[in-house]
Amino acid sequence: MVADKRFVQPDDVETIQLDWGTLKWLNAPEVTGAEEFSAGVVVLEPGKGHERHTHPESEEILYFLSGEGEQTVADEERSVSAGEMVYIPSGVEHSTINTSWEPLRFIAVYGPPGPEAEIRDLAEATIFPPGEVPDA
């Protein structure tokens, strides 16, 4: 992939599939050359989500596009849905779970970048090349 790309389509980037969700990092250093933040689209299927974890070196923003879920940040748990944004400071434990019957879609932003590469490198991650669609 060529860095310094200004316009990015979903088929331009790889798809990362895990047992808890599917991700496409549309803005990452290796895609656009961005140095200050990364951003991608995350899809959680009904009943799926990821356990509590932290990003010690990166702040995170989640902006919910569709569906409903439960978001935990530190000791606070709230229902979330389309149009809401959640800010997660560096090093704070958090989790996201889809509680609805439809996919929960959101945009995740990390500043600075880094956690997206860690997710890609997980042993359980399946990487699909740009333009290739994961099996349903």
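Residues numbered from 1 in each chain as written. Predicted model: local features only at pLDDT ≥ 70, side-chain atom pairs only at ≥ 80, totals over all residues. Heavy atoms only, no water.

J.: I'd like a description of the sheet that holds strand β4 (residues 49–53), backed by residues and values.
T.: Reading across from one edge, β4-β9-β6-β7 is the order of the four strands in this open sheet, with antiparallel pairing throughout. If you trace the sheet from one side to the other, it starts and ends with β4 and β7 (76–81), each paired once. This sheet shows a mean twist of 20° between the axes of neighbouring strands, independent of strand direction. (Pairing = 2+ DSSP bridges. Helix = DSSP H or I, 4+ residues; strand = E, 2+ residues; numbered from the N terminus. Axes fitted to C-alpha atoms, helices over the stretch in contact; angles between N-to-C directions.)

J.: So what's going on with the nonpolar core? Which residues, and what values?
T.: Counting residues in hydrophobic clusters, the biggest one holds 19 residues, and the most contacted among them are Leu-23 and Phe-106. Where this core is concerned, the elements lending two or more residues are β1 (15–18), β2 (21–27), β3 (38–44), β5 (59–66), β8 (85–88) and β10 (104–111). The element contributing the most residues to this core is β10, with four residues. Residue contacts for Leu-23: discarding those within four places in its chain leaves Glu-14, Thr-15, Ile-16, Leu-18, Val-41, Val-42 and Ile-119. (Core = buried A, V, L, I, M, F, W, Y, C linked by side-chain atoms within 4.5 Å. Buried < 20%, exposed > 50% of the residue type's maximum accessible area, 1.4 Å probe, protein only. Contact = heavy atoms within 4.5 Å.)

J.: Summarise the packing of aromatic side chains; cite the residues concerned and give the values.
T.: Inspection of the entire model under this criterion finds two aromatic pairs. Here Trp-25 and Tyr-110 contribute two aromatic rings whose centre-to-centre distance is 5.4 Å and whose plane-to-plane angle is 35°, an arrangement assigned as tilted. Of this pair, Trp-25 sits in strand β2 while Tyr-110 sits in strand β10, placing them 85 residues apart in sequence. Classification of Tyr-110 by relative accessible area gives buried; the value is 4%. Residues Phe-64 and Phe-106 carry aromatic rings whose centres are separated by 5.3 Å and whose planes lie at 45° to one another, so their mutual orientation is tilted. One end of the pair, Phe-64, is in strand β5; the other, Phe-106, is in strand β10, with 42 residues separating them in the sequence. When sorted by exposure, Phe-64 lands in the same class as Phe-106, which is buried. (Phe/Tyr/Trp six-rings, centres within 6.5 Å; stacked < 30°, edge-to-face > 60°.)

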